[in-house]
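Observations on the model geometry
Given next are the chains, with one letter for each unit.
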Amino acid sequence: DMAGRGSMAALGALLAIFALSLVSADTSLLKHIDASSERLPASPPPPSSAAFGNLPPASVSRFVPETSSSWRGNDALRFSSTYAQGTTVRGFLCSDFVRIGPYGSFSPFCCVTSVSGMFDGSGIAGFAPPSRRDPDSQFPPLPPLFLSLANVTGQDTSENDSPVPKPIFSFLSSPHNAELQLGGYDEKSVVGKMQTVESLSKYAYVVPVTGVSLGGTPIVTLTKKGKQATETKVSAILDSGTTCICLPNNDMGGSVEGSPWEKFSKAWKVGTKSTLSIEVDGRITVDIPASVWLPQMQTVQGCLMKGCPNDHIVLGDWLFQSWLVMFDLGPTAHHAPPSVGFARRSSDYRVGQDYQMHQRKKGVTKVAMTREKLSKQFDTPHLPGYGGKS
């Protein structure tokens, strides 16, 4: 079995991807490059520390297929996925019993043999909604890990499965830690009520944005066209992998006044004590204090991004450091969009420091993660035996 731990790290030779991702790859979660009708288990290569180029050995755990009696893999099913920040991972399709705390299921995943781009941790664990099927592929997209872990489809009936009791998870972070809450959310970690909104997409966590301001300075103001549009034109993708925020450097097709990126670029240097307020769906005001957004604006190069995907605003780590965000994938079982909830964080709550992996509180299990000070550019060669197949 491939046993998940507190930081969701795995064991030894292939790079098993596990760092929380709320956003799927740019095409589909899995894109097959080469496929064979013969579904024979792949013979895993011997461990090789040199195969991972400049990946820091102290910070990257690797999964050794030979240590698991239940692991299955097919070298003929190759994949390549490119994520929003430009990182590309390549490898082949695998499956094994995956466990996080008291929950576990037999799940498909990608055994990564090469990485190119920015990459932290041991991998990427998919918590996005189900991916859109690629019309050019004969194969369905690989389901995100959480869909298997929570048995969202109801198709996993193995007696060994221990699914998350509700297909809901919540995420919150701090400068040094992050926390995943499985099965719902801990009421002690928030103040006030949970406010929910239906995602604008079946395939991503996208919420309607009706205004953004920094202190008294408007950053996003809807035009008459934006307010009267029958289809929401101004929206934000929620992405735990984005460090700060992405604001389009245009008027978003005439839906907003001017460039949000340009307005924020001018406003933040004089509004260093101001709260960043984001209005969601015209009724939910998400406030991000200066103590959260200012340090990163001052220290992280490229913190304020403007190359936003399809002119969507992208709300990253600032959001999760200020609020608990809940994701309900229950509706996806009926081909409906997931639901997203926002609850203000309690100032007394210590993220990632008050949990026990096997202790459930009202059906909620917490998983704590420690941030690694790693932000490196990787370009790893393929493991022995896999050259020329990507």
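Calculation rules
- Starting from 1, residues in each chain are numbered consecutively following that chain's sequence as written.
- Selection of residues for local features in this predicted model requires a pLDDT of at least 70, selection of side-chain atom pairs for listing and counting requires 80 or more, and totals for whole chains, interfaces and linings are taken over all residues.
- Where side-chain values are given, they derive from all heavy atoms of the structure, hydrogens and water being excluded.
- Numbering of helices and strands runs from the N terminus, with a helix taken as a DSSP run of H or I at least four residues long and a strand as a DSSP run of E at least two residues long.
- Partly exposed describes any residue whose relative accessible area lies between the buried limit of under 20% and the exposed limit of over 50%, with all areas from a 1.4 Å probe on protein chains only and scaled to the type maximum.
- Residue contacts are counted whenever heavy atoms from the two residues lie within 4.5 Å of one another.
- Only the protein chains shown count as cover for residues, and the accessible areas themselves come from Shrake-Rupley with a 1.4 Å probe.
- Note on disulfides: each one is a pair of cysteine sulfur atoms within 2.5 Å.
- Classification of ring pairs uses Phe, Tyr and Trp, with its six-membered ring standing for Trp, and accepts pairs whose centres are within 6.5 Å; under 30 degrees between planes counts as stacked, over 60 as edge-to-face, and the remaining range as tilted.
- Charge-over-ring contacts are defined here by two conditions on Lys NZ or Arg CZ: a distance within 6 Å of the ring centre and an angle within 35 degrees of the ring normal.
- As used here, the term nonpolar core means buried Ala, Val, Leu, Ile, Met, Phe, Trp, Tyr and Cys residues forming a set that is joined through side-chain atoms within 4.5 Å.
- Any Lys or Arg side-chain nitrogen located within 4 Å of an Asp or Glu carboxyl oxygen qualifies as a salt bridge.
- For every residue, the predictor assigns a confidence score, pLDDT, that lies between 0 and 100.
- The pairing criterion is simple: DSSP has to find at least two bridges between the two strands.
- Only the stretch in contact is used when fitting a helix axis, every axis being a line fitted to C-alpha atoms; angles between N-to-C directions are given from 0 to 180 degrees.
- Pairs of N or O atoms within 3.5 Å make up the polar contacts considered here, provided that, within protein, one atom can donate a hydrogen while the other can accept it, and that residues adjacent in sequence are counted only when both atoms are side-chain atoms.

Within the chain, the secondary structure is distributed over five helices and 22 strands. Of all 390 residues assigned to the chain, the portion counted as buried reaches 55%. Contacts in the chain between residues far apart in sequence, at least 24 positions, make up 73% of those at least 6 positions apart. Accessible surface for the chain amounts to roughly 17600 Å². Of this, 49% is attributable to carbon and sulfur atoms.

Counted according to the given criterion, the structure contains three disulfides. In this model Cys94 forms its disulfide with Cys111; the gap between the sulfur atoms is 2.1 Å. Note that Cys94 is positioned in strand β5 (residues 88–100) and Cys111 in strand β6 (residues 103–119), a separation of 17 residues in sequence. You'll find Cys94 and Cys111 in the same group, each marked buried. Across the disulfide, Cys244 is cross-linked to Cys303 (sulfur-sulfur distance 1.9 Å). Taking the sign of the S-S torsion, -110° for the link of Cys244 and Cys303, the bridge is left-handed.

Below, the discussion takes up unusual backbone geometry. Of all residues except glycine, most have a negative phi; of all peptide bonds, most are trans. The phi torsion at Asp281 lies on the positive side, around 60°, for a residue other than glycine. As for its placement among the helices and strands, Asp281 is situated in the loop between β15 (276–280) and β16 (284–288). The exposure class of Asp281 is partly exposed, given its relative accessible area of 32%. Although it is not a glycine, Asp311 sits at a positive phi angle of roughly 60°. As for its placement among the helices and strands, Asp311 is situated in the loop between β17 (304–305) and β18 (313–315).

This part covers the packing of aromatic side chains. Enumeration according to the criterion identifies eleven aromatic pairs in this entry. For the pair Phe169 and Phe327, a centre-to-centre distance of 4.9 Å together with 25° between the ring planes defines the contact as stacked. One end of the pair, Phe169, is in strand β8 (residues 168–173); the other, Phe327, is in strand β19 (residues 323–328), and 158 residues separate them in sequence. An aromatic cluster is built from Phe127, Phe146, Phe169, Tyr205 and Phe327, whose rings are joined through pairwise contacts. When the ring centre of Trp261 is taken as origin, the NZ or CZ atom of Lys306, which lies over that ring, is 4.3 Å away.

Counting 69 residues, the largest nonpolar core has Leu182, Leu238, Phe264, Trp293, Trp318, Phe327 and Phe342 as its most contacted members. Sorting elements by how many residues they give to this core places helix α4 (residues 290–299) first, with five residues. Counting residues in hydrophobic clusters, the runner-up holds nine residues, among them Val190, Met194, Leu324 and Met326.

What follows covers the pattern of salt bridges. As enumerated under the stated definition, the model contains five salt bridges in all. With its nearest N and O atoms 2.8 Å apart, the salt bridge here joins Arg283 to Asp281. Its relative accessible area of 46% is what places Arg283 among the partly exposed residues.

Right, let's talk about the confidence of the model for the chain for a bit. The pLDDT averaged across the chain works out to 76; a share of 72% of its residues lies at or above 70. Predicted confidence for residues 1–18 stays below pLDDT 50, and this span has 90 contacts to residues more than four positions away or in other chains. Across residues 25–59, where pLDDT falls below 50, the model places 93 contacts with residues more than four positions away in sequence or in other chains.

With that settled, consider the sheet that holds β19. Taken together, six strands build an open sheet; the order of strands is β10-β20-β19-β8-β9-β21 and the sheet is antiparallel. A strand with exactly one partner marks an edge of an open sheet, and here the two such strands are β10 (190–198) and β21 (365–370). Strand-to-strand twist across the sheet, computed as the mean angle between neighbouring axes with direction ignored, equals 20°. When β19 meets strand β20 (residues 339–345), the two strands line up antiparallel, connected through six bridges. Across the sheet, the residue bridging to Leu324 is Ala343, located in β20.

Moving on, we get to the side chain of Ser70. Note that Ser70 resides in the loop between β3 (20–21) and β4 (72–82). A polar atom in the side chain of Ser70 sits 2.4 Å from the side chain of Asp96.

Within the secondary structure layout, Trp318 lies in helix α5 (residues 317–322). When its relative accessible area of 1% is taken as the criterion, Trp318 is described as buried. Discounting chain neighbours no more than four positions away, the residues touching Trp318 are Thr243, Cys244, Ile245, Phe264, Leu276, Ile288, Val292, Trp293, Gln296, Met297 and Cys303. A distance of 2.6 Å separates a polar atom in the side chain of Trp318 from a polar atom in the side chain of Gln296.

Next up on the list: the pairing of β8. Of all six residues making up β8, six are buried, and the element is well covered by its neighbours. A two-sided burial pattern is seen for β8, the buried positions comprising Ile168, Ser170 and Leu172 on one face and Phe169, Phe171 and Ser173 on the other. Pairing analysis gives four bridges linking β8 to β19, with the strands arranged antiparallel. Its bridge partner being in β19, Phe171 is matched across the sheet by Val325.

Side-chain positions along a regular strand alternate between the two faces of the sheet. Counting buried positions over the eleven residues of β4 gives nine, a clear majority of the element. In the sheet, β4 pairs with β5 via eight bridges, with the strands oriented antiparallel. Its bridge partner being in β5, Gly73 is matched across the sheet by Cys94.

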